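# Structural characterization, general
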2 protein chains.
Amino acid sequence: MGVVLNLENGKRDQASIADLIALTLADMGRVNELILSKAGSDVEMIPEIANHLISSGGKRLRPMVTLAAAQMFGYFGEGHVKLATSVEFMHTATLLHDDVVDESDLRRGKKTARMIWGNQASVLVGDFLLGQAFRMMVDVGSLDALDILSAAASIIAEGEVMQLAAAKNLETTEDEHFAVIKAKTAALFSAAAEVGPVIAGASRNDRAALRSYGMNLGLAFQLIDDALDYGGSSKELGKNVGDDFREGKVTLPVILAYRRGTPVERKFWKAAIEDNQTSDAALDKAIGLMKRHRAIADTIGRAGHFGGIARDALAPLEQTPQKAALLDVIDFCISRVA
Amino acid sequence: MGVVLNLENGKRDQASIADLIALTLADMGRVNELILSKAGSDVEMIPEIANHLISSGGKRLRPMVTLAAAQMFGYFGEGHVKLATSVEFMHTATLLHDDVVDESDLRRGKKTARMIWGNQASVLVGDFLLGQAFRMMVDVGSLDALDILSAAASIIAEGEVMQLAAAKNLETTEDEHFAVIKAKTAALFSAAAEVGPVIAGASRNDRAALRSYGMNLGLAFQLIDDALDYGGSSKELGKNVGDDFREGKVTLPVILAYRRGTPVERKFWKAAIEDNQTSDAALDKAIGLMKRHRAIADTIGRAGHFGGIARDALAPLEQTPQKAALLDVIDFCISRVA
């Protein structure tokens, strides 16, 4: 494969998840097999839709985190493969439902499932994948892992409703916004990381460390995502600059620019976000205002803050290739805007 | 309360679930408390929507079946209350998603949640309730019960996709149709019944008996529902005669009338179901054709067939008030069209 493991603990030239990929390569092969088998159904539309999303080029960060977190505590068995697959299915189900809720046309540059098969099928196939995720977890037989992942499923949905209720509300405070992204994004990263030590029978402290790592990584990840939408230099996301703006999403760059803006600027934001005045010229102006108020830079700064917490969460743990690889993920997420 | 238990095993004057209600009264009080508490959230929209559906006057047959099935095998504890609540939440989540998928305006004579709060919130609150259902199951700690209920969640979603894929297909065979209603309706009744003996630690045979009872009760229930839509004499459902017809649903009365019809009649059915020609006059004609071909009577007959299997499933079990009450449910379901 030509993948070279870098086991040194020194600085890398460039933040990369190459080590994580290499460490989880064999296990991810089994995850991918399980994905194909558990997304299967005699009802043809189910594998069609599931494969459309599953093959759409996501990085599969979440299942890799689960696998590495289990390996890190010496787990040998098959349970981590099933839990990693469950995590990816929960994520895929969320994407299917999100695209319906957000009325999105594109995801990672491809047509969304709802544009090809309709909203109805997207809702139902999401339900199916969620059901399959639970079956796989039950199959593993760890009530602790079930507890963590089922709580995450509730929390994610709660976060999505929270976001819907706060939609287009420019008065959303930064804390309220963190509560939303903590629930809708970070909770799954947190659960994905924690079930690793759980299934490996690791200590309470180790569980807490991985839980905190995942939670803060998830927060950083989402904030960088939100910054990228207003033009990080990289286009890793496969989404176009301005997608969030055109959908009237109140993300942190918007919240900061709005709160720091003049009364005239706030009128501009209201027209854009509340009244959908989101032409290309308006987008340029929005980015200009964000730069003036350091809204994007500070969003990235906040992501760095959470990234630091994630890093410290793992600090007490023994140096292992898995730990190094998980630390790389933090840098990788944040360097997407570098 | 004035509820009188009829413990005699003789015939009742009228099929009724009064005994089931009386036997599960105390437990249902706790189910109702748990419903309110677990549908709670700081995100106001969640309890609003959940309560809208939960208070909409459903009979709560499924949780009562779970409770009675647990009592029947001498279960003492709290687990059956949590499992019964989980079952009701799974059902409620399905209704929320169904109404979105079917674009329904009314349910039991009330506006659907999606008409009041929108499709988006209905999808997400359904997801939340499903997540909460899993958390409660996990809390009970029975991996067998988890296995049964998580499998049901997948199967229900699969059945809904199957139905969507077969939508408006008048060539659907009776067997294919049974496969759909088995998955989308009967699987949850089956799981609701089976988790009773499971949590009570009953034997493999007892589990199989209750599973079969629930599956066949569910099939009978759905078929009677489908017959009522073309005018059983009772209006128990709170839905209007002709709702399925106007939505172009291919239910058993339609399948039978279509298969038994002349070429000219089939053209009528195609115009109605495929091209939405569903005026009141068309509905009258549809009912007339069903009567001519005994389509409604035979749908009820099929329901009776499954009801009989459900009855025999319980035959080997000891005579208990719970068993008598569960047998009553079969008669009650079928007598709705009497």
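Relevant structure appears above.
Structure report, in brief. As the structure is a computational prediction, the values presented were derived from the model and not from experiment.

### What about helix α12 (residues 252–260) of chain B?
Residues and elements named next belong to chain B.
- Summarising burial for α12: seven of the nine residues are buried, a large majority.
- If you check which residues of α12 are buried, you get Leu252, Pro253, Val254, Ile255, Leu256, Ala257 and Tyr258.
- Where α12 is buried, its residues touch α9 (174–199), α10 (204–228), α13 (263–274), α14 (280–292) and α15 (295–314).

### A short note on the relation of the copies chain A and chain B
- Least-squares fitting of chain A to chain B yields an RMSD of 0.0 Å, with the superposition described by an axial translation of 0.0 Å and a rotation of 180°. These values place the two chain copies in the arrangement generated by a two-fold rotation axis.

### Some words on the interface of chain A and chain B
- At the junction of the two partners, chain A supplies 36 residues and chain B supplies 36 residues.
- Looking only at chain A, the three residues that lose the most surface to chain B are A:Gln120, A:Leu124 and A:Val161, adding up to 17% of its buried area.
- There are zero salt bridges connecting chain A and chain B.
- Taken together, chain A and chain B are joined by ten residue pairs in polar contact (both at pLDDT 80 or more).
- Elements with a contribution of two residues or more to the side of chain A that touches chain B: α3 (45–54), α5 (79–101), α6 (113–140) and α7 (143–165) of chain A.
- Element by element, the count of residues in the side of chain A that touches chain B is highest for α7(A), at 14 residues.
- Here the residues of the side of chain A that touches chain B sort into 21 nonpolar, eight polar and seven charged.

### A closer look at the packing of helix α5 (residues 79–101) of chain B against α9(B)
Residue and element names in this part refer to chain B.
- For the pair α5 and α9, the least separation of the axes is 10 Å and the interaxial angle reads 170°. It follows from the interaxial angle that α5 and α9 lie roughly antiparallel. The residues of α9 that touch α5, namely those facing Gly79, His80, Leu83, Val87, Met90 and His91, are Leu188, Ala192, Val195 and Ile199.
- Of the residues assigned to the contact of α5 with α9, the class counts are seven nonpolar, three polar and no charged.

### Some thoughts on the nonpolar core
- Counting 161 residues, the largest nonpolar core has A:Met90, A:Leu210, A:Tyr213, B:Met90 and B:Tyr213 as its most contacted members.
- Considering every element that reaches this core, the biggest residue donor is α6(A), with twelve residues.
- In this structure, B:Met90 is in contact with B:Leu130, B:Ala133, B:Met137, B:Leu149, B:Ala152, B:Ala153, B:Ile156 and B:Leu188, ignoring residues within four places of it in sequence.

### With respect to unusual backbone geometry
- Of note in the backbone geometry, A:Asn276 takes a positive phi value of approximately 60° without being a glycine.
- Its location among the elements puts A:Asn276 in the loop between α12 (263–274) and α13 (280–292).

Cut-off values and rules
- Residues numbered from 1 in each chain as written.
- Chains lettered and ligands numbered in written order.
- Predicted model: local features only at pLDDT ≥ 70, side-chain atom pairs only at ≥ 80, totals over all residues.
- Heavy atoms only, no water.
- Buried < 20%, exposed > 50% of the residue type's maximum accessible area, 1.4 Å probe, protein only.
- Helix = DSSP H or I, 4+ residues; strand = E, 2+ residues; numbered from the N terminus.
- Contact = heavy atoms within 4.5 Å.
- Least-squares fit on C-alpha atoms with pLDDT ≥ 70 in both.
- Buried area = accessible area lost by both parts, 1.4 Å probe.
- Salt bridge = Lys/Arg side-chain N within 4 Å of Asp/Glu carboxyl O.
- Polar contact = N/O pair within 3.5 Å; in protein donor to acceptor, adjacent residues only side chain to side chain.
- Nonpolar A, V, L, I, M, F, W, Y, C, P; charged D, E, K, R; others polar.
- Axes fitted to C-alpha atoms, helices over the stretch in contact; angles between N-to-C directions.
- Parallel < 35°, antiparallel > 145°, perpendicular 65-115°, else oblique.
- Core = buried A, V, L, I, M, F, W, Y, C linked by side-chain atoms within 4.5 Å.

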